[in-house]
Each structure stands twice: as structure tokens, then as C-alpha cells.
Amino acid sequence: MAESVYVGNASVDGALDAGWLLGYFKPDGDIRHSTDLEIKWGVHPPGDQRAQWATGETRTALLVLISGRFRVDLPDREVMLSKQGDYIIWGPGVDHS
């Protein structure tokens, strides 16, 4: 039987899998495996940005700012998260960078 509780540290665990803590890419049977939800821990240095836009997304995304400032580029606007707790949610089909 798979464990039903997992305790870890986002910085440590995220470093092992490109920042991802929960999602379809974790092994079957691991409590962190999910086809419904994905969670990533990211620490971005100032000026860091994607090499290319993420397109064709099929999932809903939630991005929550823990500290600093973070810009999300969408096809029709730019969103700046600047206060701790600011967040943005986008649905399937929304390209972003």
C-alpha cells in the first residue's frame, strides 16, 4: 500500500525534479502522483524568463507569490505580482510566459 502522507521541503524536493512537487510525472503509487493537480516550487533570480512561451496547456494553473516580484506574460496583457500572497489563475488553452 502506498503511503498516504508525505512530508518534505519544497526547496530540497524541488531540486530533485525541476521544481515539481506534485503531478502526473511523479511515479505511480507515490502520494505525490496526480493527474488532476500539479504544484511546482520555483525560485527565480531577477531577470529570469522562459526561453519560449508555454502553449497548448490543458490544465488550470495557480501561481502564488511568496516573496519578491514576478511578472506573468499573457497573450493580451502582463500581470505583475508584487505583494506576498498575490496570485493569478489561468485555465486550459491560455498561453503564457
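Okay, so let's go over this structure.

### Comments concerning a nonpolar patch on the surface
Then, in step 1: A surface patch of nonpolar side chains, amounting to about 730 Å² of accessible area, comprises W41, V43, L62, V64, I66, Y87 and I89.
Then, in step 2: Looking at the nonpolar patch, the elements that each hand over two or more residues are strand 3 (61-64) and strand 6 (87-90).
Then, in step 3: With respect to the helices, strands and loops of the structure, V64 is situated in strand 3.

### Looking at the environment of P75
Then, in step 1: Mapped onto the elements of the fold, P75 is located in the loop between strand 4 (70-74) and strand 5 (77-81).
Then, in step 2: With 14 residues separating them in the primary sequence, P75 and A61 have C-alpha atoms 16 Å apart.
Then, in step 3: Those residues in contact with P75 that lie beyond four places of it in its chain are W53 and D95.

### Quick look at the side chain of H96
Then, in step 1: You can see H96 is positioned in the segment after strand 6.
Then, in step 2: Owing to a relative accessible area of 7%, H96 belongs among the buried residues under this scheme.
Then, in step 3: Of the polar contacts made by the side chain of H96, one reaches the side chain of W90; its length is 3.4 Å.
Then, in step 4: Among the polar contacts made by the side chain of H96, one reaches the main-chain carbonyl oxygen of V94 at a distance of 3.2 Å.
Then, in step 5: Residue contacts for H96: discarding those within four places in its chain leaves R50, W53, A54, D73, L74 and W90.

### Observations concerning unusual backbone geometry
Then, in step 1: Notably, A18 is not glycine yet its phi reads approximately 55 degrees, a positive angle.
Then, in step 2: Mapped onto the fold, A18 is located in the loop between helix 1 (10-16) and strand 1 (20-22).
Then, in step 3: Note on A18: relative accessible area 59%, which makes it exposed.

### Focus: the pattern of salt bridges
If the charged atoms of two oppositely charged side chains come close together, the side chains can form a pair.
Then, in step 1: Across all of its chains, the model carries four salt bridges by this definition.
Then, in step 2: Taking the shortest distance from any N to any O, the salt bridge between R71 and D73 comes out at 2.9 Å.
Then, in step 3: Of the residues examined, D73 reaches a relative accessible area of 16% and is grouped as buried.
Then, in step 4: One connected set of salt bridges, linked through shared partners, spans R71, D73 and E78.

### Looking at the layout of surface pockets
Then, in step 1: In this structure, the largest pocket spans a volume of roughly 1,600 Å³.
Then, in step 2: Among the secondary structure elements, those contributing two or more residues to the lining of the largest pocket are strand 1, strand 2 (39-40), strand 3, strand 4 and strand 6.
Then, in step 3: Tallied by class, the residues present in the lining of the largest pocket amount to 21 nonpolar, ten polar and ten charged.
Then, in step 4: Estimates place the volume of the second largest pocket at around 160 Å³.
Then, in step 5: Taken together, Y6, G8, N9, A10, D13, W20, L21, L22, K26, I31 and R32 form the lining of the second largest pocket.
Then, in step 6: Taken together, the elements giving at least two residues each to the lining of the second largest pocket come down to helix 1 and strand 1.
Then, in step 7: For the lining of the second largest pocket, a count of residues per class yields six nonpolar, two polar and three charged.

Quick notes on the rules
Residues numbered from 1 in each chain as written. Predicted model: local features only at pLDDT ≥ 70, side-chain atom pairs only at ≥ 80, totals over all residues. Heavy atoms only, no water. Patch = residues over 30% accessible without salt bridge, like charges linked within 9 Å, V, L, I, M, F, W, Y side chains within 5 Å. Areas by Shrake-Rupley, 256 points an atom, 1.4 Å probe, with all protein chains shown as cover. Salt bridge = Lys/Arg side-chain N within 4 Å of Asp/Glu carboxyl O. Helix = DSSP H or I, 4+ residues; strand = E, 2+ residues; numbered from the N terminus. Contact = heavy atoms within 4.5 Å. Buried < 20%, exposed > 50% of the residue type's maximum accessible area, 1.4 Å probe, protein only. Polar contact = N/O pair within 3.5 Å; in protein donor to acceptor, adjacent residues only side chain to side chain. 1 Å grid on protein atoms, 1.4 Å probe; cavity = no way out; pocket = protein on both sides within 12 Å on 5 of 7 lines; lining within 4 Å. Points joined across faces, edges and corners; volume = space filled by probe spheres on them. Nonpolar A, V, L, I, M, F, W, Y, C, P; charged D, E, K, R; others polar.

By themselves, these are just geometric observations and shouldn't be taken as functional.
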